[in-house]
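# Structure at a glance
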Amino acid sequence: MLLTMAKSITNFGTYSTCNCHTSEANYAKPRNCFIFFQQPSRKYFLSSYLDVPRSSTRVGAFAKLDENTKICKFCEVGDLRNAVELLRMSQKSELDLNAYSSILQLCAEHKCLQEGKMVHSVISSNGIPIEGVLGAKLVFMYVSCGALREGRRIFDHILSDNKVFLWNLMMSEYAKIGDYRESIYLFKKMQKLGITGNSYTFSCILKCFATLGRVGECKRIHGCVYKLGFGSYNTVVNSLIATYFKSGEVDSAHKLFDELGDRDVVSWNSMISGCVMNGFSHSALEFFVQMLILRVGVDLATLVNSVAACANVGSLSLGRALHGQGVKACFSREVMFNNTLLDMYSKCGNLNDAIQAFEKMGQKTVVSWTSLIAAYVREGLYDDAIRLFYEMESKGVSPDVYSMTSVLHACACGNSLDKGRDVHNYIRKNNMALCLPVSNALMDMYAKCGSMEEAYLVFSQIPVKDIVSWNTMIGGYSKNSLPNEALKLFAEMQKESRPDGITMACLLPACGSLAALEIGRGIHGCILRNGYSSELHVANALIDMYVKCGSLVHARLLFDMIPEKDLITWTVMISGCGMHGLGNEAIATFQKMRIAGIKPDEITFTSILYACSHSGLLNEGWGFFNSMISECNMEPKLEHYACMVDLLARTGNLSKAYNLIETMPIKPDATIWGALLCGCRIHHDVELAEKVAEHVFELEPDNAGYYVLLANIYAEAEKWEEVKKLRERIGKRGLKKSPGCSWIEVQGKFTTFVSADTAHPQAKSIFSLLNNLRIKMKNEGHSPKMRYALINAGDMEKEVALCGHSEKLAMAFGILNLPSGRTIRVAKNLRVCDDCHEMAKFMSKTTRREIILRDSNRFHHFKDGFCSCRDFW
DNA sequence: AAACTGTCCC
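Cut-off values and rules
Residues numbered from 1 in each chain as written. Chains lettered and ligands numbered in written order. Predicted model: local features only at pLDDT ≥ 70, side-chain atom pairs only at ≥ 80, totals over all residues. Helix = DSSP H or I, 4+ residues; strand = E, 2+ residues; numbered from the N terminus. Rg over C-alpha atoms; globule rule 2.2 N^0.38 Å. Buried ≥ 20, exposed ≤ 12 C-beta atoms within 10 Å, placed from the backbone. Contact = placed C-beta atoms within 7 Å. pLDDT = per-residue confidence, 0-100. Near = placed C-beta within 6 Å. Nonpolar A, V, L, I, M, F, W, Y, C, P; charged D, E, K, R; others polar. Pairing = 2+ DSSP bridges. Core = buried A, V, L, I, M, F, W, Y, C linked by C-beta atoms within 7 Å. Domains from an automatic or database assignment. Axes fitted to C-alpha atoms, helices over the stretch in contact; angles between N-to-C directions. Parallel < 35°, antiparallel > 145°, perpendicular 65-115°, else oblique. Left-handed = near helix turned anticlockwise from the far one by under 90°. UniProt positions renumbered as here; feature names shortened; annotations may be inferred. Expected span 1.5 Å × (residues − 1). Arc of directions from axis to C-beta.

The name an unreviewed UniProt entry assigns to chain A is DYW domain-containing protein, from the organism Glycine max.

### A short note on the overall build of chain A
The helix and strand tally for chain A stands at 46 helices and six strands. Here chain A has a C-alpha radius of gyration of 37 Å; the compact-globule value for 873 residues is 29 Å, and the former is much larger. Projected onto the principal axes, the alpha-carbon positions of chain A cover approximately 135 × 55 × 55 Å. When burial is assessed residue by residue, chain A has 46% of its 873 residues classed as buried. Taking the intrachain contacts of chain A between residues at least 6 apart in sequence as the baseline, contacts between residues at least 24 apart amount to 63%.

### Some words on the confidence of the model for chain A
For chain A, the average pLDDT comes to 86, and 90% of its residues sit at 70 or higher. Across chain A, the secondary-structure element scoring lowest on mean pLDDT is helix H2 (residues 42–50), at 32, and the one scoring highest is helix H34 (residues 583–595), at 97. Here residues 1–64 scores under 50 on pLDDT; set against residues more than four positions off or in separate chains, the count is 95 contacts.

### Regarding the protein's contact with DNA strand B
Among the 54 residues in the neighbourhood of DNA strand B, the closest are listed as Tyr402, Asn440, Asn471, Asn540 and Thr571. Considering every element that reaches the surface near DNA strand B, the biggest residue donor is helix H27 (residues 467–479), with six residues. Here the surface near DNA strand B is composed, by residue class, of 25 nonpolar, 22 polar and seven charged.

### Remarks on the pairing of strand S2 (residues 749–754)
With six bridges joining them, strand S1 (residues 741–746) and S2 adopt antiparallel strand pairing. Of the residues in S2, the one forming a bridge with serine 742 is phenylalanine 753. Turn length for the S1-S2 hairpin, with the two strands adjacent in sequence and antiparallel, is two residues, and the turn residue glutamine 747 shows positive phi of about 50°.

### Quick notes on the environment of cysteine 577
By secondary structure assignment, the location of cysteine 577 is in helix H33 (residues 567–579). Looking at cysteine 577, the number of C-beta atoms within 10 Å reads 27, which means it is buried. When the C-alpha atoms of cysteine 577 and valine 266 are compared, they prove to be 54 Å apart, with 311 residues separating the residues in sequence. In this view, cysteine 577 contacts Leu582, Glu585, Ala586, Thr589 and Ala611; residues no more than four positions away in its chain are not counted.

### Here's the deal with the nonpolar core
One finds Ile103, Ile373, Val645, Leu676 and Leu677 to be the most contacted residues of the largest nonpolar core, which totals 255 residues. If you count residues domain by domain, this core takes at least three from each of domain 1 (637–737) and domain 2 (747–867). Not counting residues within four places of it along the chain, the set of residues in contact with leucine 677 comprises Ala689, Val692, Ala693, Val696, Tyr706, Leu709 and Leu710.

### Side note on the packing of helix H21 (residues 366–378) against helix H22 (residues 382–394)
Between H21 and H22, the shortest axis-to-axis distance is 7 Å and the interhelical angle comes to 165°. With respect to their mutual orientation, H21 and H22 come out roughly antiparallel. Judged by the sense of rotation from one axis to the other, the crossing of H21 with H22 is left-handed. Side by side, H21 and H22 meet where Trp369, Leu372, Ile373, Tyr376 and Val377 of the first sit next to Tyr382, Asp384, Ala385, Leu388, Phe389 and Met392 of the second. The class makeup of the residues in the contact of H21 with H22 is 10 nonpolar, no polar and one charged.

### As for the domain arrangement of chain A
When its domains are assigned, chain A resolves into domain 1 (637–737) and domain 2 (747–867). Put simply, the middle of domain 1 and the middle of domain 2, counted by C-alpha atoms, are 27 Å apart.

### Some thoughts on the UniProt feature "repeat: PPR" (unreviewed entry) in chain A
Here the UniProt feature "repeat: PPR" (unreviewed entry) sits at residues 163–197, 264–298, 365–399, 466–500, 566–600 and 601–636. The straight-line gap between the two end C-alpha atoms of residues 264–298 is 10 Å; of that span, 74% is helix and 0% is strand.

### Digging into unusual backbone geometry
Glycine aside, residues mostly have negative phi angles, and peptide bonds mostly take the trans form. Although it is not a glycine, cysteine 330 sits at a positive phi angle of roughly 65°. In this structure, cysteine 330 sits in the loop between helix H18 (316–328) and helix H19 (335–347). The partly exposed category is assigned to cysteine 330, around which 13 C-beta atoms lie within 10 Å.

### Remarks on the packing of H33 against H34
One way to put it is that H33 packs onto H34 with a least axis distance of 7 Å and a crossing angle of 165°. Between H33 and H34, the angle falls in the class roughly antiparallel. The hand of the H33/H34 crossing is left-handed. Seen from H33, the contacting residues are Trp570, Met573, Ile574, Cys577 and Gly578; seen from H34, they are Gly583, Glu585, Ala586, Thr589, Phe590 and Met593.

### Remarks on the sheet that holds strand S6 (residues 866–867)
The six strands lie next to each other as S2-S1-S3-S4-S5-S6, forming an open sheet whose pairing is mixed. A strand with exactly one partner marks an edge of an open sheet, and here the two such strands are S2 and S6. In this structure, S1 lies alongside strand S3 (residues 824–828), joined through three bridges in antiparallel fashion. Counterpart to isoleucine 744 in the pairing with S3 is valine 826. Where helix H46 (residues 834–846) meets the sheet, its contacts fall on strand S4 (851–854), strand S5 (859–863) and S6, and the angle it forms with S5 comes to roughly 40°.

### Describing the environment of asparagine 278
With respect to the helices, strands and loops of the structure, asparagine 278 is situated in the loop between helix H15 (265–277) and helix H16 (281–293). Overall, asparagine 278 belongs to the partly exposed group, with 17 C-beta atoms counted inside 10 Å. Taking the C-alpha atoms as reference points, asparagine 278 and histidine 537, separated by 259 residues in sequence, lie 18 Å from one another. Beyond its immediate sequence surroundings of up to four residues, asparagine 278 is in contact with Phe245, Gly248 and Val250.

### Examining H34
Look at H34: 19 Å from first C-alpha to last across 13 residues, which is about the 18 Å you get at 1.5 Å a residue. What H34 keeps buried is the set Gly583, Ala586, Ile587, Thr589, Phe590 and Met593. Buried residues of H34 fall within an arc of 160° about the axis and therefore sit on the same side. Across from the buried face of H34, at angles greater than 90 degrees, the exposed residues are Gln591 and Ile595.

### Considering the pairing of S5
Within a regular strand, the side chains alternate between the two sheet faces. Burial analysis of S5 places four of its five residues in the buried class, which makes it a mostly covered element. Sheet analysis places S4 next to S5, joined by four bridges and oriented antiparallel. Pairing of arginine 854 across the sheet is with phenylalanine 859, part of S5. Hairpin connection, S4 to S5: the antiparallel pair is bridged by four residues. Inspection of the sheet shows S5 paired to S6 by two bridges, in the antiparallel sense. For lysine 863, the partnering residue across the bridge sits in S6 and is phenylalanine 866. Hairpin connection, S5 to S6: the antiparallel pair is bridged by two residues, and aspartate 864 has positive phi, about 50°.

### Points about helix H35 (residues 602–615)
An α-helical turn contains 3.6 residues, so any two residues separated by three or four positions project in the same direction. Over its 14 residues, H35 extends 20 Å from the first C-alpha to the last, a length consistent with the 20 Å expected when each residue adds 1.5 Å. Across the 14 residues of H35, 12 count as buried, placing the element largely inside the fold. Taken together, the buried positions of H35 are occupied by Thr604, Phe605, Thr606, Ser607, Ile608, Leu609, Tyr610, Ala611, Cys612, Ser613, His614 and Ser615. At its buried positions, H35 is contacted by H33, H34, helix H36 (618–630) and helix H37 (638–650). Of the residues flanking the end of H35, it is glycine 616, one or two places downstream, whose phi is positive at about 70°.

### Let's talk about the environment of serine 416
Structurally, serine 416 can be placed in the loop between helix H23 (401–413) and helix H24 (417–429). Sequence separation of serine 416 and asparagine 703 is 287 residues, and the distance between their C-alpha atoms is 23 Å. Beyond its immediate chain neighbours, meaning those up to four positions away, serine 416 contacts Tyr382 and Cys411.

Here it is as structure tokens:
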């Protein structure tokens, strides 16, 4: 379809371009707001409002007329110097209003403030009252020459006989410099004085209200406009359209356009830019194509907005076609056009053309530089982006808010904490921290670089936080494994500010990592009450929360209810099935996704490979690995190799796994060797484990977990001497095994257990429950698995230590405190041990409870003495 | 004309 669009441009490419600059493009920027002094309209308005009426010309002696005529003649030919000279030389009695007016008009046109002031002083010293037409001319002169304050002084002085056009002039001048409040003040004063506005008044005031986001006032003006009969003026309706788009009321804007009989190029442009602004770039392009079909003249604004639409929908071919049209229309020197092209090429994934567009630009502004910085970030060239920022600065282009946030984004994505801190210093030096988007970007940078302390420091210094500030912090805590902080901040936020869907998407991963099902349910309720559940991001986050909290059933229910699933929805479900040991269901979901026409990405492949690995589906795993390369043209990354090594190792193909590591085209990291080491434990291959472990220790010498893993392998082989040596090695490096802990949520409250936790108030009943179970197990022929004790001591002692594992304590606590029949959900920070796994199976049978245990790797569903992992984890 | 917060894998 986009191709046909591109073609239609070439077919209808002979539109007029000459009028582009002069058309009344008054919708986009305050700069163009006051259009009636621009080229096409000037004469009409000046002659009707400003020129001296003939009746006031005094008919006197011929000589007097002569002086005036001379001055006017000089003015007519644009000879300001001689006109002023003659004015100064003439006697007061020789001059009439015509002469003063003409000179002031010329001063205004040539923007000659000096001469204008001189004329003003001549008028004053001649004692001519500043009122009526002369007053208006003076105001116009000052304003045109950029002396708004002077103009305002005279404006206020002659307030009583001000005409509408002067009010319009002042209002639009204030709007031009961004002082919308002053424009609104003048508008209200005007209303108070009973002066009725005209179409220009309303265009201007609508823009002011819209920019300040005062939608209610806009609607009131809309009513006024219709009452006063301006409802058919396209300038006014165009402003209304733009206003509604700005406040996000897309339907109202469309309705106005549909009802507008006389559409001009600005009306069309307003539709295109409004659609782009509100995320409907496809519709924008449809309007553009319709313009071509109807042979409506196209101007610079049309092309700029349509190129932006191409950028958003990623249509390179149409973008290129528009580029060509712009060149034909002689826009190649327009900075705005070139900046948009740069951005379009970058967003369409074409960095080279973006760079070329940048280099070809005659005039580069801060926007051009910022767009190029963003282009580098998009391609992952973070250091180049940062370098570009400093290059821009050294070339004398001062960074603005946009360039600051862009370079911070580069630091954030590139994980460059130090460079980010440098930029922060730059911001402090230049007093830019007070700007909220900059502070927000700073927080995001610190959060993405893992420094939540610094992020919080920035956060705490923001006097008035917006929704982005809160979301950034909450999401930062979630991502940096500080879920409790995320929840705490969320509670704090609710006192001050209303959360939105994004807040929920930021917060839910915190519940997921805590396995906080009840809190997660509470948030789900909040989502439903506030109507956030229709947002796909929120729904995806919810599904993932239920997966991670062990409730695959709820996850699946929600998943099935989503009518339009995106890639992430599918990926969440695939990895969810994988985590819960349902490999075949993961595969079925993957296939359904393909049928739905969704293309998997690298993460989807990681998830499906991971699912195969956890269910021991070797052939299927290889199938996906190969199809990733051959069908999807993707290059497997470290994580994909890690999954394959894991899969081979778990299924007992240890030497094949070893070979894969040796022959893989990228350098294996500790995770890859670690996966094989795990396999060595499962299959009790001490010899290979030693070989593999040395690779691991070399790559990650400070990770105590790997030493413990090898120690366990030795312990299982009862090589106590080696265990001892390894423990010494750990001690020498000063490493500490991260202590195992497990937690359980009962009525929304968490209880955390560490190994052999006797401090708990219910410790006595917990231990007696576990002891009874142990006795029962023994009677039924289960011998405790002592190999995990890591202690070379008497068996009794080992048994005691085994009984004290944190997951056992948490499970026992659950049995004691949750109503019968309720599923017991426990989460653990490390992998579950063999003995605990055995006991959990037994527990599920004798207590007739379903137990769902989440360890650091996956879920175990214990039911009737069996585990969903089929003892394979 | 450009920018800041969001869901998935390891």
